[in-house]
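These are the residues of each chain, in order.
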Amino acid sequence: MDQDSERARFVDAHWAALVQRVKMVMPIVDELRSGGMMEWEPNCKIRAANTNQEKMRELYEVLHSGGDKVKSAFYSQLEKHESCLFRALGNIAQTAEALIESLNKYKKWIQREYEYVTEYNSLPGEYVLLSERYTQPLIIMRHREKGEREEEMCSVGESFQQLLISRNNVDKDSSILDALFCVDNKGISPCSVILQGNSGNGKSFTAQKSMLDWASGNLHREEFDCLFHLKCKELNHISGEQSLAELLSHNSNLTSDQISQILQKSPEKILILIDGFDEFRFSHSDTSNMPKLSHVSEKAPPEASLKALLRGHILSESFLLVTTRSTATKTLGSLLKHPQRFTEIIGFSEKEVEEYFQRFFQNEELFRKAFECVKANETLITACSIPVICWIICTVMRERFSDGADVTSGLETTTSIYVDFVSTLLEHHCQGLSQPVPILLRSLGQLAERGMLEKQVLFEEKSMHETLSNPAGSPFLCKFLFKRRICQETMFSFMHLSFQEFFTALYFISLAERDFLDKLTERFHSQTQSYLALYLDEKYGCPEPHFLPVIQFLCGLSHKEVSSSLEETLNLSVHSFVRAQLEEWILHVSASRDYNFLPFILHCLYELHEKEFVQKAMEAWQELDMSWDPLSRMDCWALLYCLDCCPLFRSLKLNFGAEELKMLQPVLCRTPELELTVQNFSDTDVADLLSALGEGKRLRELRLNSSCLSDESVQQVLNALHKQKNVGGLQIAVKSISADTAHVITDFLQTKARWEEISLRTDDAESLCSSLRLFSFEGKLVLNVVKWCSGLQNEPSLSEIILKCPHSKASSINIKSFLQSFHSVNCITDESADFDRQVNALLSQLPSVSGLSAINLSVPVLTETWASRILFLVESCPRLAVISFNAGLKGSDGTEGLPGLLMEEGIKLLKESTKRPECIVNIRGFRCSKTSDRCTRHTKQVEELSCNQRVTIEFCGEKCTEDIKSKLELPDVN
C-alpha cells in the first residue's frame, strides 16, 4: 500500500473522532484550497456551515470525492494544524498495531459468545454448546422451478429424501461461507449473497456458525479479515440516529471508533452478516427525505444505514451475506448491491437428521432409539427436514426417556409434534402479528382446505388475500418467484403438504357442530368415493384417499393431552362432537371388518391414544390379516400400541421387515396363532425370531424372505418348529444349499415334528440345487429339487426332479447323496462323456426309496436315451404308479421357463416297449417330427416351424393316448 493510501485509511478510520475534535477547520480548508485540492463552491458551503462539526461533514464530501490523494493532503494539514490531536490519535503504525490487537480480542470474544446457544425452553443460566446442536443443512444455489416445488411438497419418506439430496449444491466438507462465496462457472464471485430459508430452517444458527468458524480460524478463504453480525430483530428496538459503526457495535466488544477503523482500513476484506432481513420493520413513509449516507460514521435512522449498506453506498467494496425468509426475498433483491447470488437452505435429509439426533443426545443408545423411532414415521422424517422440528422431537423424547417411559413405544402421537411446531413458530418467529392467533390459524386453515379440495399445493398471490390479510407475515407460508414467459410470477405454499393437511384439520375443529358435520359429510360422500359403497353403508361413507391424513390429524387433535395443549398455547378448543363423530365412524368401520381400512384405522387409534376406546374398537378384530403388503415401521408402532391395549388376541397374519421383529416380539409371543412373512431376514435376526415364536403355537406359515441364512440358522429355526403345536409351512431363503444343509434336513425328518411344508431356496449358482422343497400332498411326502435356468447359455441338464413316498419312509431318502448326484448331473452337458454315468448314478438311488409312488423329471429334450431311463425306473421301482416327464426347464423364479422338445425316436421307444400296466407314464412337451440329428432347436427359426406341437402323451401298459395343445412359442430370455 502506498503512502497516500495509508494516510487515506488513517483519515477514514478516525473520521468519527475528527468530526468531533478538529478545531482548526478553516485553516486546513484554506491550505487545501490554495493547494488546488478544492473548488470554490464546496469551499463556500464549508464556510457557510455554523459549527465545526457541520464544517467537517461538508469537508468529508470533498475528501470522499477527491480520493486518496486529497485525503493524504488533509492528513498533512492535520498533522500541521492539529498536532496535539494528531499525536493523541496515534500515527499510522501505532494505529495498525492497535487494530490488530483489537481484532484478536474481538475474535476471542466471538469464540466465547458464539460457542453457546440458548434454546427456546432454556431456563435462566442454561445453555448448550453450538456444536451439540448445529448440523450443516442442505443448500441449493438457484431458484427452483414450479414443478420441482410441487414435487417436493407432495413427496414423503424415501422419495422426499432423494429429492433433497439431488438438489443440494454445497459440499459438506467445506464451510458454508467458502461455498456461498466461491467463483461460479462464469468466473464471477458474488459480493452479496441472499441465504433464504423457511422459519425454523436454521438461518440464524448458520450465521452464528459462520461467525464462530471465522473467529476460530476454520475458514479456508483468506479474503475475509473481519466479520460483523447485524441482527435485524435488534435493530427494531434502536431509537434515534446511529452510524453504521455504532449499529455494528451492538453485537461486538469493539467500540464504534475501533469498528470504523477496521471498516475503513480494508473494506474489501470485510464480510457483514445481516441476519433476519424479513424481521426488520421498514417505515412506510416517504424515504426520499432520508439522508444519503456515504461514510460508516455518519449518523442516521437504522433504516437509512441498513439501506445504504445493502445498496453499497457505504462500504461498497465489502461483502454481504443476508438471511431472510422467502416472503422478503423479492424486496431484498431490489435493494442489494451486485453481483448477487441467490441461495436457499432446503433443510435436512435423513443423513443430517441422524447427525442432529446424535449431536443432541450425546448418548449412542438414546440417539439410536430416538432416531429409529422417527425414521419409522414417514410423516415425521419428512417434517424433520425442518431443523426446529428435529429439536422439538429430540426435546420431547429426551423428556420421555428421563421420565422412564418405554423407549420402544416411540412418540405418543404425530399430531402433538405439529402442535408444538406451530406453538414454537408463533412464539419465537412471529413478531408483530396484525391479527389474533385464532383468526390467523383459521385463515390458514381455510386456505389449506381450499388447496385440499382443489388438490393444489401452490397458491397464486392474487388469490391469497381472499383468506389472508397479510400472507407474507405468516411464518407458516413460503413465497416463491417463478419465471412465466417474459414476467415473474409470485406464488405461496405451506412448508409441505403435511402442514397443509394439519392446518385443514385445525380449521375443521374451529367450526360449529353443524358446519363440522357438513364438512365431513362432503368429504365422506363425494362422487369419487362411490366405488367404496360396497364396503360402507350410505350413512357413514368413507373419506377421499387424499383426505385421510386430515382425518388422522383430527384424531390426534382429539387426544386429551393435545387438545389441552391447543387450548393453553393457541387458545383453540376441540369440541366434544369432533371426537364423538370420529369415534362413531371408527366403530362402524371396525364392525364391518373392512380390511382395506384396517391400517388407517390403527393409525387413527394411535393418534387418539385412548386405551378404553381402542379396546372397544378392536373387539371386532380378533383375527388380524395384514399380510398383503409389508408393514412400515410406523404401521408396526400403531399395531403394537393397539394390540398392547388388547392383550387377548387370537390370530395375527403379518408381513413386516426383520428390523421390526424385535419391536413386535411382545405381541407375537402372546398370540396363539401366527402367519408371518419376514422381509430381509438374516442370521442376526434368528434369536429375535425364536423368542417371538416361543412354544405351543399354531404356526400357519413362516416365510423368511430376501434372506441368506446359514445352515446353523436354518437348524435353529427347524428346532423351534419342534416346540410348536403344528406348523403349516416354512419358506426360507438361504446362502447356499450344501451337504451340510442336507444333513440339517435329514435330521429334521427323523423328528416327530408336525409340519406341512419346508422350502429352501438360494441364488447361489454353486449350490447343489436352487430350491429344495418338502411338503405333504394327498397324505404322502413330496421331495421337490430344482435347478433354475437363467438362459439358453446356462441350461441345466436336469432342471427338476420330484419324488413322492409315504412319510414313514422319508428316512430311506439319502438327501445328501441325492443332492450331490443332482448337482453332478447339472455340472456337465449331455454331450459330455461322463454324462451318462452321472445320470445313472442319480437314478440308481431311486429304487432304494421305500414306497416311491411317483417321479417327475424336467429335462430339456426327450431323447431315445432318456426314454430308456424312464423305462428303467418303471421296471426297477415296484411301487411306482406314475412317472411324468416334462420336456423343458424351470425359470429363475421357479415358473415354467424354456419349452422342450419330444423327439420322435424317444416317443417311439416308449410306445413300443413293454411296460408295467399299473405304472402310468406321462410325457409333455413340443413334439418334433424330425430326428435328433436334424432338429433345429436353439435356432432362431424354431418359432416358425410348423412341425412343433404341444402335446401330452400318456402310456399305460400297451395303451397310448395323445392330446395336442398348440404350436411352440418360445419365451423371451434376453
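These numbers come from a predicted model, not from an experiment. (Residues numbered from 1 in each chain as written. Predicted model: local features only at pLDDT ≥ 70, side-chain atom pairs only at ≥ 80, totals over all residues. Heavy atoms only, no water.)

## Focus on the overall build of the protein chain
Tallying secondary structure elements over the protein chain gives 40 helices and 29 strands in all. Within the protein chain, contacts between residues at least 6 apart in sequence are counted, and of these 71% link residues at least 24 apart. For the protein chain, the exposed area adds up to about 42,900 Å²; of that, 47% sits on carbon and sulfur atoms. Each charge sign in the protein chain was given a centre, from 104 positive and 133 negative side chains, and these centres are 1 Å apart. (Helix = DSSP H or I, 4+ residues; strand = E, 2+ residues; numbered from the N terminus. Contact = heavy atoms within 4.5 Å. Areas by Shrake-Rupley, 256 points an atom, 1.4 Å probe, with all protein chains shown as cover. Lys, Arg positive; Asp, Glu negative; His and termini not counted. Charge placed at Lys NZ, Arg CZ, Asp CG, Glu CD.)

## Re empty space enclosed by the protein
In total, this model carries 5 cavities of 30 Å³ or more according to the counting rule given. Contributions of two or more residues to the lining of the largest cavity are made by helix H9 (146-154), helix H10 (157-167), strand S8 (340-347), helix H20 (378-383), strand S10 (477-484) and strand S11 (487-494). Per-element tally for the lining of the largest cavity: the top contributor is S8, with 4 residues. Of the residues that constitute the lining of the largest cavity, the class distribution is 12 nonpolar, 7 polar and 4 charged. In this structure, the second largest cavity spans a volume of roughly 90 Å³. If you go around the second largest cavity, the residues you meet are His143, Arg144, Arg149, Gln196, Ser326, Thr329, Lys330, Phe342, Glu344, Lys479, Phe480 and Leu481. The dominant element in the lining of the second largest cavity, judged by the number of residues it contributes, is S10, at 3 residues. Residues that form the lining of the second largest cavity fall into these classes: 3 nonpolar, 4 polar and 5 charged. (1 Å grid on protein atoms, 1.4 Å probe; cavity = no way out; pocket = protein on both sides within 12 Å on 5 of 7 lines; lining within 4 Å. Points joined across faces, edges and corners; volume = space filled by probe spheres on them. Nonpolar A, V, L, I, M, F, W, Y, C, P; charged D, E, K, R; others polar.)

## Description of the environment of Asn826
Mapping Asn826 onto the fold places it in helix H37 (residues 815-826). When the C-alpha positions of Asn826 and Ser797 are compared, they lie 5.2 Å apart, and in sequence the two are 29 residues distant. Setting aside residues no more than four positions away along its own chain, Asn826 makes contact with Lys787, Pro796, Ser797 and Leu798. A polar atom in the side chain of Asn826 sits 3.2 Å from the backbone oxygen of Phe822. (Polar contact = N/O pair within 3.5 Å; in protein donor to acceptor, adjacent residues only side chain to side chain.)

## What about the pattern of salt bridges?
Considering all chains together, one arrives at 43 salt bridges under this definition. Of the charged contacts, one joins Lys462 and Glu460 as a salt bridge, the two residues approaching to 3.8 Å between their closest N and O atoms. On the accessibility criterion, Lys462 (68% relative accessible area) is exposed. Lys653 serves as the salt-bridge partner of Glu675, at 3.7 Å between the closest nitrogen and oxygen. With Glu675 in strand S14 (residues 673-679) and Lys653 in strand S13 (residues 651-657), the pair connects residues that are 22 residues apart, well separated along the chain. What makes Lys653 partly exposed here is its relative accessible area of 22%. Linked by salt bridges that have partners in common, Arg142, Arg144, Glu148, Arg149, Glu151, Glu152, Arg167 and Glu344 make up one network. (Salt bridge = Lys/Arg side-chain N within 4 Å of Asp/Glu carboxyl O. Buried < 20%, exposed > 50% of the residue type's maximum accessible area, 1.4 Å probe, protein only.)

## Quick notes on the sheet that holds strand S6 (residues 270-275)
Spatially, S3-S8-S4-S7-S6-S5 is the arrangement adopted by the 6 strands of the open sheet, whose pairing is mixed. The sheet terminates laterally at strand S3 (138-140) and strand S5 (226-231), the two strands that pair on one side only. Between one strand axis and the next, the sheet turns through 20° on average, direction left out of account. Where helix H12 (residues 203-215) meets the sheet, its contacts fall on strand S4 (192-196), S5, S6, strand S7 (319-324) and S8, and the angle it forms with S5 comes to roughly 155°. (Pairing = 2+ DSSP bridges. Axes fitted to C-alpha atoms, helices over the stretch in contact; angles between N-to-C directions.)

## Side note on helix H33 (residues 661-670)
What H33 keeps buried is the set Leu661, Met663, Leu664, Gln665, Val667 and Leu668. The secondary structure elements touched by the buried residues of H33 are helix H32 (633-645), S13, S14 and helix H34 (686-693).

## Points about helix H5 (residues 52-66)
Between its first and last C-alpha, H5 extends 21 Å over 15 residues, near the 21 Å set by a 1.5 Å rise per residue. When we look at burial in H5, the residues that qualify are Lys55, Met56, Leu59, Tyr60, Val62 and Leu63. Buried residues of H5, viewed axially, fall in a sector of 165°; they line one side. Contacts made by the buried residues of H5 are with helix H1 (3-13), helix H2 (15-21), helix H3 (25-34), helix H4 (40-48) and helix H6 (68-81). Where H5 ends, the next residue or the one after it, Gly67, has phi of about 80°, a positive value. (Expected span 1.5 Å × (residues − 1). Arc of directions from axis to C-beta.)

## Quick look at the sheet that holds strand S9 (residues 459-460)
Strand order in the open sheet formed by 3 strands is S9-S11-S10, and the pairing between neighbours is antiparallel. Looking at the sheet topology across the chains shown, the edges are occupied by S9 and S10. Pairing geometry for S10 and S11, over 8 bridges, is antiparallel. Counted as the bridge partner of Phe480 is Met491 from S11.

## Focus on the UniProt feature "domain: CARD" (unreviewed entry) in the protein chain
Per the UniProt record, "domain: CARD" (unreviewed entry) is annotated on residues 3-80. Regarding residues 3-80, the helix share stands at 83% and the strand share at 0%, and the terminal C-alpha atoms are separated by 17 Å. (UniProt positions renumbered as here; feature names shortened; annotations may be inferred.)

## A look at the state of the cysteines
Per the counting criterion, the structure on display carries 0 disulfides. The cysteine Cys805 is free of any disulfide, with Cys877 supplying the nearest cysteine sulfur at 11 Å. The exposure class assigned to Cys805 is buried, which follows from its relative accessible area of 1%. (Disulfide = S-S within 2.5 Å.)

## Examining the packing of aromatic side chains
Per the stated rule, a full pass over the model turns up 35 aromatic pairs. With 5.4 Å between their ring centres and 80° between their planes, Phe181 and Phe224 make a pair best called edge-to-face. With Phe181 in the loop between helix H11 (176-180) and S4 and Phe224 in the loop between H12 and S5, this residue pair connects regions lying 43 residues apart in the sequence. Classification of Phe181 as buried rests on a relative accessible area of 0%. Residue class for Phe224 comes out buried when judged on its relative accessible area of 5%. With a centroid separation of 6.2 Å and an interplanar angle of 55°, the aromatic rings of Trp866 and Phe885 are classed as tilted. Of this pair, Trp866 sits in helix H39 (residues 864-876) while Phe885 is found in strand S24 (residues 882-890), placing the two residues 19 residues apart along the sequence. Take Trp866 and Phe885: they sit in the same class, and that class is buried. Through successive ring pairs, a cluster of aromatic residues spans Tyr418, Phe421, Phe459, Phe476, Phe494, Phe499, Phe502, Phe503 and Phe553. Across the ring face of Phe775, the terminal group of Arg773 is positioned such that the distance to the ring centre comes to 4.0 Å. The ring of Trp866 is capped by Arg869, whose NZ or CZ atom sits 4.7 Å from the centre of that ring. (Phe/Tyr/Trp six-rings, centres within 6.5 Å; stacked < 30°, edge-to-face > 60°. Lys NZ or Arg CZ within 6 Å of the ring centre and 35° of its normal.)

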